[in-house]
Structure formats: structure tokens, C-alpha cells
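Architecture at a glance
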Amino acid sequence: MGSTRYDLDARYDRASKAGYGTKSAGEIFTQNAKRMAHESMNPHGISFRESRDSEVHPHSVPIILGLDVTGSMGHIPHELIREGLPKLMGGIIQGGVPDPALLFLGIGDHECDGYPLQAGQFESGDEELDMWLTRTYIESGGGGNAGESYLLAWYFAAFHTRTDAFEKRGQKGLLFTIGDEPCLKTLPASAIREIMGNGQQTYTHIELLEEAKKKYEVYHISVLHSDQALRADRGWRELLGQNCISIEDHREIPNVIKGIICDKFKNKTLGTAGLDQFQML
Amino acid sequence: MKKAQIVIGLGFGDEGKGITTDFLASQNPAAVVIRFSGGQQAAHTVMMDERKHVHSSFASGALRGLPSYFTEHCTIHPVFLFNEKEELKAKNGNIELHIHPLVKVTTPFDVWQNRTNTRNLEHGTCGKGIGATMKRHESPYKLFAIDLIGPREMLMEKLKGIAYYYGFVEENEIRELLNPFLEAIDGMDWKINDYTWLSSFDHLIFEGSQGILLDMDHGVFPNVTYAHTTSKNAYEICRLLKIEDIEMYYVTRSYATRHGNGWMSNEKQMNLKNNEEETCTFNEYQKELRTGEIDYSLLNYALKLDGAYVFPTKKNLVITCLDQMDEQFKQENLDIEFDAVYGSYSPYSKDFKQIF
């Protein structure tokens, strides 16, 4: 994990060979045909996903991207693999944050879906990132209940990740969830046990948000493409304040994330002077 | 010498364990009937004269007047149990039911979980909370039959813990779900007794649940039941009670059935007659009863498998629903020697015939 570099040219080469631009989502996301999550992304029994520093990336910046893979949001991973990912990673690096380590989570609905949580690993290389993203099963589930399990991303980040950024430098990572529905309000111990294989405490979304905030700056990108999404957006604003970013066009996602990360990095890690120096390297 | 008779279904359930148990009960009126797997999801139909009862939380000797015993391997749901007690009382059945202290208790929260969790539905649940109960018992939030007769305050604390475990937060909702549950508990005269209670009987009939092909270890995962449906549990209890004279009654229909999702061989629409009394009809959770031609290789598989769990003195075969189709059952296709073979020709156990 995390010892390869994001190489835009290599990424474009590979993407065109793999046909990301022309293939359908079903062809790219191979788990969709199998109608099940990839075993390597099954969170059952995972202790930790780690974001560690390496020679190539001495100041790793852990970033978690919780992608809603239910019905109305399933096209976003497709968009990411086509164009978004290089924009995102390239943009972050060009913006002066050379060591991003990105972890994908697939988020569904723990009340209705077979695979409410899928977890990749923190990666910095384009090939590895593509692999975890395309390995994600776009279950397209969700249900008639009032929300999706975005709080699973908080749970996973809070209790099942470890980062050098935090442990060595006291630096928080960044956690983004992306979706168009409200957050489910409770994560029962029964669901946690089923998904993770252990756990005996029930959490509210507020409790989990607080837990995640200890190690991550928590954001939600609210995609406003329906009336229902507009209503959900209000709840997100109450919950996260300015950390709820509302967008109308999902193609904005890479830019939004890039902007936040670079901003954060500029302001909190190196300071202005440091950044100037850095950009000249 | 004490004698045990064990009734085991060789298929995916619905083989005729109820009618077979009733047949044995009719010959041994002083016996006790013991459930040793499954719980309130059982639907074992017994018909007698003008009376009919689908046994679920009571064993299939109840309509005929025999007492019931549920071992620690079973689950109970007090509301279902109470309702069935009232029903049996009206039909003049025996409502004496003794329950092992370690029987697992299904709560309204388990039922709720079972019915709302889509994954469970795909696995073929019957929506009665058993899978959820068994799973919950792997967590710290357990509830046993003995808790029903313990201090009420302690019971309430445990129930609150279970509500919390499933993420119930609204007190009103919890209270609403609990009210009928607590009323049912109050409406029962609980007889919670360990296995020593069984030692006063000379004749024990062990009534299996589901079928060997749904066993948690031997069925095709994930469409399995959360229970050992072989003779495993029954045989352990026989050993505990030092019973050596054990007769097996392996039950199959003359055709294959499966209720719920999952693999089955030879599936096809069967042309059946005289099946107006079929209990396994369409339900919301398991949908239609599926049928198929009898698969002798599967029967041989199930028989051989059960032999790994039990050392009986006699092995008998029961073939039910023989009146429902014209095709002959080919006993010669079975690898096992039986001491006797019985056929059933109507929904009444009085029409059992020994055919070998």
C-alpha cells in the first residue's frame, strides 16, 4: 500500500488500453456481473486499513472516499474511473499535496443491501487505485427506508483505520462521503456484527460522526439532482455545517475534493511560506 | 427398557414429520414428544377425525394428548406459543409443555429484524425470527427460557439490551412491541425443566424439524437453517438419559419438495392429487412450495449422513403422500436396509400401512 506514485501519463495510457472511456459500467465493474462484492473488499474480520509513510511518500495524507453504490448514485464510480480519478489525484498532487493516499469505501444500506460496506486499501499509485475502484460492486440496492448507511464510513474510519499522519504527526485525514440521501440515524450492534464480524455497541450517527472526527475532517458531498436530494441536503447541513458541500453536477466531485484537500494542506500543514517553497520543487 | 424413536426428515423439510410423529404417538399414548431442533417456524400438521392442528410451538403429539418437551437446541416465541396454547385448548389437545431452561427465546425485535433484513429474506426465512435469534445468541445479548420466570426487572433489563442491540431507540416503539410479548409471558404457566424431567418417561418420541438437506453443516450454504437437523441433538440426549434402544423413522414424501430459495434437484411441476390438505402453501416470505421428482441419490446421501450421528437398533423408512401420485416408489434404489417401511395414503396417520 502507498509506495507507488500517481503517474498521470501512465494512467491515461492504461485507461485507454483498458477502454475506460468507451466501456459500459457493467464491463468495467466486473463484480456487477457476479452480483457480489469482491472478497478482498469484504470488511468482515478486517482489523485495520493502514496509511503509512514510505520513502516515495514521506508525508502521506490519508483520504477516504465513501462512495454511495446504491441505485441513484451508482454512476459516480463510473464517472470517477473514466475521468474523475486522474483529475482528482493529479489535481491534488499538482495542488501541492504530493503524498495523497486514497481509500475507497463502497457504501450501501445496512438494512437492505447484501454488501452495505466494501473497503479497499489506502493507495497512492494509479494502477492500485483503479483496481480498488473497479473492484467495487455497484450493488445498486438501497431501499425504501429513509437513507443510506453513510455512517458506516464513519464507523470504519474511526475504528478500523490507522494512519502515520495521525500517529506520527497528529494530522487528521480527510473523509468524504458522497450521496443524495439522508444519513440513517442508527447503526445497530447487530448490523455491525454482521458486517464486521464483531462489535456489541449500537451507535447513533452523531456518536459515530464524533468518533470519526477524532482522526478525520469529515465532509459530505451532497448531490442535488432531485427534490428528495434537496430535502436530504438540509439534514446534512444541520449535521455538518460548512463541511456539507452541495453540488448539482456530480462531475464537480474531483474538483471539490481537490480544492478542500489542497486548502487544508496549505493552511494547516506547511503554512503559506512552506507551500511556496514546495511548489517550486 | 427405555425406548426412543427419532423422526428425521430426509429432504428440505415438509416431508411428513408431523403425521409420522402422530402415528408413533397413537401407538404409545404414555410417551412424551420431544423437539430437539428448530422452533416456532415448524408447521407439523396432524389430522384426527374432525380435528386438525398445525404444531409449531408444541410437539406433534399434543393434539393426540401427549405432553411436549422442547430441548435447549430449540427456540420459542412466547406470543406464538401462547396463541397456539389457546388454539390447542379449544381443540382439546394437551397443552402440557415443558421447556429446557436454556431454550433460546425469540423477542419481537428478532422477528422485526428477520422480516426487515433483505438478506434474510433471500436466504429463505419464514419470518419468525429464528435466524435472528440464533445469531443474536452469538452476541452478548442473550435471552433464555429461564429468564422468563426470573425476576421481571431483570427480564426487562435484558429485553432493553436486545432492543438496543438492534438499534431501537424510541421508547414508545419498544413499549409497543413489548406489550403483547409481556402479556403472553403472563398468560403462560411456565414449566421450565431440565432433562431430568424426561427421565420419568419410558418412551420418548423425538420429533425432528426441517430436513437433513437444510442442516447448517450439510445443506447448501447460504440457504440453510440455523440448526442441526440430523439425529445429532436427539442422540446426545438419548446418551444423557442412557437410552440405548433407539428406533429411527426416516421420512420422505414420494416426491421432493422445497419451500423457500435454494438449490434442489429434479425441480418440476408435479401432477398431484388428493393434496387439498397441503399445509405448505404460498406465504409472503417463502413464496410457493416447490416440487420435484424424488431423487434417490439425495435420499441415499441423507441416510448415510445421518448414520454418522446416531447408532440405532432399528432403521425404518416412512414414505408419505403415496396417494398423491401414480408413480411407484422404488425402494430398490435405496442402499440402506430397513427393518420396516411404512407408507402413508392420506393426511391421517390411521391410514399408515406397513409396506415392507
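Residues numbered from 1 in each chain as written. Chains lettered and ligands numbered in written order. Predicted model: local features only at pLDDT ≥ 70, side-chain atom pairs only at ≥ 80, totals over all residues. Heavy atoms only, no water.

A word on the domain arrangement of chain B
Residues and elements named next belong to chain B. In terms of domains, chain B is made up of domain 1 (3–101 + 193–354) and domain 2 (107–190). Here the C-alpha centroids of domain 1 and domain 2 sit 27 Å apart. Counting from both sides, the interface comprises 21 residues of domain 1 and, opposite them, 29 residues of domain 2. Interface area, domain 1 with domain 2, both sides summed: about 2,300 Å², of which 69% is carbon and sulfur. (Domains from an automatic or database assignment. Contact = heavy atoms within 4.5 Å. Buried area = accessible area lost by both parts, 1.4 Å probe.)

Concerning the UniProt feature "binding site: Mg(2+)" (unreviewed entry) in chain B
Residues and elements named next belong to chain B. Per the UniProt record, the feature "binding site: Mg(2+)" (unreviewed entry) sits at D14. Relative to the helices and strands, D14 is located in the loop between β1 (3–9) and α1 (17–27). If near-sequence neighbours (up to four positions away) are discounted, D14 is found in contact with R253, T257, H259, C280 and L289. (UniProt positions renumbered as here; feature names shortened; annotations may be inferred. Helix = DSSP H or I, 4+ residues; strand = E, 2+ residues; numbered from the N terminus.)

Some points on helix α10 (residues 227–240) of chain A
An α-helical turn contains 3.6 residues, so any two residues separated by three or four positions project in the same direction. All names here are of chain A. Between its first and last C-alpha atoms α10 spans 20 Å; for 14 residues at 1.5 Å apiece the expected length is 20 Å, and the two agree. Considered for burial, the residues of α10 that qualify are A229, A232, D233, W236 and L240. Down the axis of α10, the sector holding all buried residues measures 115°, keeping them to one side. Exposed residues pointing more than 90 degrees away from the buried face of α10 are listed as D227, R234 and E238. The elements touched by buried residues of α10 are α6 (151–160), β6 (173–179), α9 (205–213), β9 (216–223) and β10 (244–247). (Expected span 1.5 Å × (residues − 1). Buried < 20%, exposed > 50% of the residue type's maximum accessible area, 1.4 Å probe, protein only. Arc of directions from axis to C-beta.)

A look at the UniProt feature "binding site: IMP" (unreviewed entry) in chain B
Residues and elements named next belong to chain B. The UniProt record marks D14, E15, G16, K17, Q210, T225 and K287 with the feature "binding site: IMP" (unreviewed entry), using the residue numbering of this structure. Residue position: E15 is located in the loop between β1 and α1. Given the relative accessible area of 3%, E15 is considered buried. Of note is the side chain of E15, whose polar atom sits 3.5 Å from the backbone nitrogen of L10. Its place among the elements puts G16 in the loop between β1 and α1. Classification of G16 by relative accessible area gives buried; the value is 19%. Beyond its immediate stretch of four places on either side in the chain, G16 contacts V251 and T320. (Polar contact = N/O pair within 3.5 Å; in protein donor to acceptor, adjacent residues only side chain to side chain.)

As for the packing of helix α1 (residues 8–18) of chain A against helix α4 (residues 75–94) of chain A
Residue and element names in this part refer to chain A. With their axes 11 Å apart at the nearest point, α1 and α4 run at an angle of 175° to one another. For the element pair α1 / α4, the angle class is roughly antiparallel. In contact with L8, R11 and Y12 of α1, α4 contributes L80, I81, R82, L85, P86, G90 and Q94. Split by residue class, the contact of α1 with α4 holds six nonpolar, two polar and two charged. (Axes fitted to C-alpha atoms, helices over the stretch in contact; angles between N-to-C directions. Parallel < 35°, antiparallel > 145°, perpendicular 65-115°, else oblique. Nonpolar A, V, L, I, M, F, W, Y, C, P; charged D, E, K, R; others polar.)

Some points on the sheet that holds β9 of chain A
Residues and elements named next belong to chain A. As summarised here, the arrangement of the six strands in space is β4-β3-β2-β6-β9-β10, forming an open sheet in which the pairing is mixed. Every other strand in the sheet has two partners, leaving β4 (117–119) and β10 as the edge strands with one partner each. Direction aside, the axes of adjacent strands within the sheet are offset by 20° on average. Where strand β3 (residues 100–107) and β4 come together, three bridges link them in antiparallel fashion. Residue pairing for β4: G106 is matched across the bridge by Q118. (Pairing = 2+ DSSP bridges.)

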